[in-house]
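# Chain and residue survey
Read off the chains here:
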Amino acid sequence: MEAEEMKKSSEAEHRLRAEDFVKTERVVHELEKRLNREILKSRPYFDLKDQLNADLQSVKTEIENLQSSIGGAKKTYSEALKRLEAISEEIHERRNACVRTPGVGAEHHSSSSFSSFASSGGRGDE
């Protein structure tokens, strides 16, 4: 018994919804007839809008790809700077680790030649 009642209830609801659909469909057709000219006039606008939205989406995708690529380039650049810094530090360590010998020329003064120069009064005659 309960199944019969559910069936009748469903059929009634279906009939009401079908009637609403038919009424709404008639209204749509009536509006299409009445507003056909306006619809045709506005079509280029909506076609252009669709095209511009597609173009915008393409540009957004390209921007995202470029931003990703910039991120990768920044990471590579940062790693290169770190490697250069390590090389620079290594060079400084090598320089500091080596015992520097006295220079040549004007920088090279042996204690005996300087003392003989000073004792001669700076005349250079020994």
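Residues numbered from 1 in each chain as written. Predicted model: local features only at pLDDT ≥ 70, side-chain atom pairs only at ≥ 80, totals over all residues. Heavy atoms only, no water.

When helices and strands are tallied, the chain shows three helices and zero strands. Along the chain, helices and strands appear, N-terminal first, in the series α-α-α. The 126 residues of the chain split such that 2% are buried. With the model as given, the accessible surface of the chain reaches about 12100 Å², and the carbon-plus-sulfur share is 57%. (Helix = DSSP H or I, 4+ residues; strand = E, 2+ residues; numbered from the N terminus. Buried < 20%, exposed > 50% of the residue type's maximum accessible area, 1.4 Å probe, protein only. Areas by Shrake-Rupley, 256 points an atom, 1.4 Å probe, with all protein chains shown as cover.)

With that settled, the discussion passes to helix H2 (residues 36-97). Taking 1.5 Å of rise per residue, the 62 residues of H2 would be expected to cover 92 Å, and the 91 Å separating its terminal C-alpha atoms lies within 8% of that figure. At Ser42, H2 shows its maximal kink, close to 35°; a proline, Pro44, follows between one and four residues later. (Expected span 1.5 Å × (residues − 1). Bend = angle between axes of the 7 residues up to and from the residue.)

This part takes up the packing of helix H1 (residues 2-34) against H2. Orientation of H1 relative to H2, taken along the N-to-C sense of each, is 70°, at an axis distance of 4 Å. For the element pair H1 / H2, the angle class is roughly perpendicular. Seen from H1, the contacting residues are Leu31, Glu32, Lys33 and Arg34; seen from H2, they are Asn36, Glu38 and Ile39. (Axes fitted to C-alpha atoms, helices over the stretch in contact; angles between N-to-C directions. Parallel < 35°, antiparallel > 145°, perpendicular 65-115°, else oblique. Contact = heavy atoms within 4.5 Å.)

With that out of the way, let us pick up the pattern of salt bridges. One pass over the full model with this rule turns up two salt bridges. When the shortest N-O distance is used, the salt bridge between Glu13 and Arg17 registers 3.3 Å. With Glu13 and Arg17 both in helix H1 and four residues apart, this pair spans about one turn of that helix. Residues Glu90 and Arg94 are paired through a salt bridge, measuring 2.6 Å at the closest nitrogen-oxygen approach. Placement of both Glu90 and Arg94 in helix H2 is noted, with a separation of four residues, approximately one turn of the helix. Assessed through its relative accessible area of 52%, Arg94 is described here as exposed. (Salt bridge = Lys/Arg side-chain N within 4 Å of Asp/Glu carboxyl O.)

Before going further, it helps to examine a nonpolar patch on the surface. A surface patch of nonpolar side chains, amounting to about 500 Å² of accessible area, comprises Tyr77, Leu81, Leu84, Ile87 and Ile91. By the element assignment, Leu81 lies in helix H2. For Leu81, a relative accessible area of 41% gives the class partly exposed. (Patch = residues over 30% accessible without salt bridge, like charges linked within 9 Å, V, L, I, M, F, W, Y side chains within 5 Å.)

A grouping of Glu2, Glu4, Glu5 and Glu11 is seen on the molecular surface, where their side chains present a negatively charged patch. Position of Glu11 among the secondary structure elements: in helix H1. By relative accessible area, Glu11 is classed as partly exposed at 43%. (Lys, Arg positive; Asp, Glu negative; His and termini not counted. Charge placed at Lys NZ, Arg CZ, Asp CG, Glu CD.)

Residue-level pLDDT values for the chain average 87, and 78% of them are 70 or greater. For the chain, per-element mean pLDDT is lowest for helix H3 (residues 111-119), which scores 54, and highest for H2, which scores 96. (pLDDT = per-residue confidence, 0-100.)

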